[in-house]
Amino acid sequence: CLCVCITILVENAHRRIDDTGLMESIGDSSNMVDFFLYCKEVNTAVANSRSLEQDRLVCIVTANDLAGVKLVGGSKEFRTALSDSSKLSVDLYPNVAGPT
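Attention in this report is confined to the structure presented alongside it. What you see is a predicted model, and the numbers here were worked out from it, not measured in a lab.

Attention now goes to the nonpolar core. In terms of nonpolar packing, the biggest core is built from eight residues, these being Met23, Met32, Val33, Phe36, Leu37, Phe78, Ala81 and Leu82. For this core, the secondary structure elements donating two or more residues are α2 (29-54) and α3 (76-92). Setting aside its immediate chain neighbours within four residues, leucine 82 contacts Phe36, Asn64 and Leu66.

Spanning 26 residues, α2 covers 38 Å between terminal C-alpha atoms, matching the ideal 38 Å at 1.5 Å per step. Taken together, the buried positions of α2 are occupied by Met32, Val33, Phe36, Leu37, Asn43, Thr44, Ala47 and Ser51. Phi turns positive, to about 55°, at aspartate 55, one or two residues after α2.

So, about the packing of aromatic side chains. Applying the stated criterion across every chain, the model contains two aromatic pairs. Summarising the aromatic geometry, the rings of phenylalanine 35 and phenylalanine 36 are spaced 6.1 Å apart at their centres and angled 55° between planes, so their arrangement reads as tilted. The exposure class of phenylalanine 36 is buried, given its relative accessible area of 14%. Here the aromatic rings of phenylalanine 36 and phenylalanine 78 are separated by 6.3 Å at their centres, their planes lie at 70°, and the arrangement is edge-to-face. Taken together, the positions of phenylalanine 36 in helix α2 and phenylalanine 78 in helix α3 put the pair 42 residues apart, joining distant regions of the chain. Of the residues examined, phenylalanine 78 reaches a relative accessible area of 6% and is grouped as buried. Among the aromatic side chains, those forming a connected cluster through ring pairs are Phe35, Phe36 and Phe78.

Right, let's get into the packing of α2 against α3. Where α2 contacts α3, the two axes come as close as 8 Å, and the packing angle between them is 45°. Here α2 is positioned oblique relative to α3, judged by the angle of their axes. For the element pair α2 and α3, the recorded crossing hand is right-handed. For the pair α2 and α3, contact is made by Ser29, Met32, Val33, Phe36, Leu37 and Lys40 and by Glu77, Phe78, Ala81, Leu82, Asp84, Ser85, Leu88, Ser89 and Leu92, respectively.

Here α3 spans 24 Å end to end across 17 residues, near enough to the 24 Å set by a 1.5 Å rise per residue. Listed in full, the buried residues belonging to α3 are Phe78, Ala81, Leu82, Ser85 and Ser89. Down the axis of α3, the smallest arc covering the buried residues is 95°, so these residues share one side. Exposed residues lying more than 90 degrees from the buried face of α3 are Lys76, Lys87 and Asp91. Where α3 is buried, its residues contact α1 (19-26), α2 and β2 (60-65). Its side-chain oxygen placed 3.3 Å from the backbone nitrogen of glutamate 77, serine 75 serves as the N-cap of α3.

Calculation rules
- Residues numbered from 1 in each chain as written.
- Predicted model: local features only at pLDDT ≥ 70, side-chain atom pairs only at ≥ 80, totals over all residues.
- Heavy atoms only, no water.
- Core = buried A, V, L, I, M, F, W, Y, C linked by side-chain atoms within 4.5 Å.
- Buried < 20%, exposed > 50% of the residue type's maximum accessible area, 1.4 Å probe, protein only.
- Helix = DSSP H or I, 4+ residues; strand = E, 2+ residues; numbered from the N terminus.
- Contact = heavy atoms within 4.5 Å.
- Expected span 1.5 Å × (residues − 1).
- Phe/Tyr/Trp six-rings, centres within 6.5 Å; stacked < 30°, edge-to-face > 60°.
- Axes fitted to C-alpha atoms, helices over the stretch in contact; angles between N-to-C directions.
- Parallel < 35°, antiparallel > 145°, perpendicular 65-115°, else oblique.
- Left-handed = near helix turned anticlockwise from the far one by under 90°.
- Arc of directions from axis to C-beta.
- Polar contact = N/O pair within 3.5 Å; in protein donor to acceptor, adjacent residues only side chain to side chain.

Set out below in structure tokens:
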């Protein structure tokens, strides 16, 4: 099984992630959607390659650790990009999509 953990590390556990600053720095939120989908594509390619090499099905487990991200307030664009990429990945990667 290929495990993917998306996490954001901070030096001080009491600090919040600057999701608003992040989204402002990348410009269009579609860039963040593209990045999340790119990560899914890379992980899918690795899982497919390992499945062929090992002659067994390799699955992908993804966990999003959003500690420090403001789910209420903060950047609506970040939350929307995360949600939109998840919805798109269901259609783009139907064999690896699972419960969210």
